[in-house]
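Single-letter residue listing:
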Amino acid sequence: MADELWVCNLGVLDYAAALALQQRVRDARQAELVPDVLLQLEHPAVYTRGRRSGADEFPFPPQWYESQGISIFETDRGGKITFHNQGQLVGYPIVRVEDVVAYVRLLERAIVAALGEEGLVARDRAAEGSDYTGVWLDDRKIASIGVHVARGVTTHGFAVNVDNDLTPFSWVVACGLPNVAMTSLAAETERAGCTSAADRASLLPCFRKRMSSALAHELGLRQRLVTPERLERALAPAQLAAS
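The following refers to the structure shown. (Residues numbered from 1 in each chain as written. Predicted model: local features only at pLDDT ≥ 70, side-chain atom pairs only at ≥ 80, totals over all residues. Heavy atoms only, no water.)

**Some details on the pattern of salt bridges**
Next, step 1: Evaluation of the coordinates by the stated rule reveals 18 salt bridges.
Next, step 2: Between R222 and D3 there is a salt bridge whose closest N-O contact spans 3.8 Å. With R222 in strand β11 (residues 222-225) and D3 in the segment before β1 (4-12), this residue pair connects regions lying 219 residues apart in the sequence.
Next, step 3: On the accessibility criterion, D3 (41% relative accessible area) is partly exposed.
Next, step 4: Taken together, the shared-partner salt bridges connect D3, E4, R222 and R224 into one network. (Salt bridge = Lys/Arg side-chain N within 4 Å of Asp/Glu carboxyl O. Helix = DSSP H or I, 4+ residues; strand = E, 2+ residues; numbered from the N terminus. Buried < 20%, exposed > 50% of the residue type's maximum accessible area, 1.4 Å probe, protein only.)

The following block contains the structure:
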């Protein structure tokens, strides 16, 4: 298993449930009970705030966001505020790393490669500083990254806008960048005139496959698809040890 990346597709999962699962997978990875794991999923509408988030990220009171059906979570990941909703691909790699900065650059390369398979020329902006972490198409941001490392194992990860509503990004200071222009795979392919209704229906499933393949390649691992049930069986010994 040491040369494998387990890829588990979870569908739509509440943020709190996904966070609890990440922590269980992290504990099992630290105990060498599972290899590196990639959880891929979508979240219902939620804002998450990173360790570098500031008090000025919300122009409106919390009650206003709640009235829009959007939850707010404080997290221990790096970065600032971002938004998740259905149609966005969220990836949580639970992997062993030695250099967190190099790992963030690896995630950027994997996303750029996956988008390249879709015909988009994306880039990182690492040279411009940590505020520009993520993946961009010219000056439009398509993917956000924020990670946490504990005892050499990562949690949190990346979010790529595939075919999701981008409007709620404009209701906050997204990524800590005033007036940042967010985009998506659907928006960019429509701009190029190459997305039909049938194409849109397959955007996320197809991109999910491209993303897991690109990440496995960057990690130098062979991907293996595992069901949520198979993953749960592998996590059981760690859960028993903790109880």
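**Focus: the nonpolar core**
Next, step 1: I111, F158 and F207 are the most contacted members of the largest nonpolar core, which has 35 residues in total.
Next, step 2: Element by element, the count of residues in this core is highest for helix α3 (residues 100-117), at eight residues.
Next, step 3: Here I111 is in contact with V135, A143, I145, F158, V160 and M211, once residues within four sequence places are set aside.
Next, step 4: If you look at the next biggest cluster of nonpolar residues, it comprises 22 residues, including W6, V37, I94 and A234. (Core = buried A, V, L, I, M, F, W, Y, C linked by side-chain atoms within 4.5 Å. Contact = heavy atoms within 4.5 Å.)

**Digging into the layout of surface pockets**
Next, step 1: The volume enclosed by the largest pocket comes to roughly 520 Å³.
Next, step 2: Along the wall of the largest pocket there are 32 residues; nearest its centre are G78, G79, I145, G146 and V147.
Next, step 3: When residues of the lining of the largest pocket are traced back to their parent elements, those giving at least two are β5 (82-84), β6 (88-94), α3, β8 (140-150) and β9 (153-161).
Next, step 4: Among the elements that line the lining of the largest pocket, the one with the most residues is β8, at seven residues.
Next, step 5: Tallied by class, the residues present in the lining of the largest pocket amount to 13 nonpolar, 12 polar and seven charged.
Next, step 6: The calculated volume of the second largest pocket comes to roughly 160 Å³.
Next, step 7: In terms of residue class, the lining of the second largest pocket is made up of 10 nonpolar, two polar and no charged. (1 Å grid on protein atoms, 1.4 Å probe; cavity = no way out; pocket = protein on both sides within 12 Å on 5 of 7 lines; lining within 4 Å. Points joined across faces, edges and corners; volume = space filled by probe spheres on them. Nonpolar A, V, L, I, M, F, W, Y, C, P; charged D, E, K, R; others polar.)

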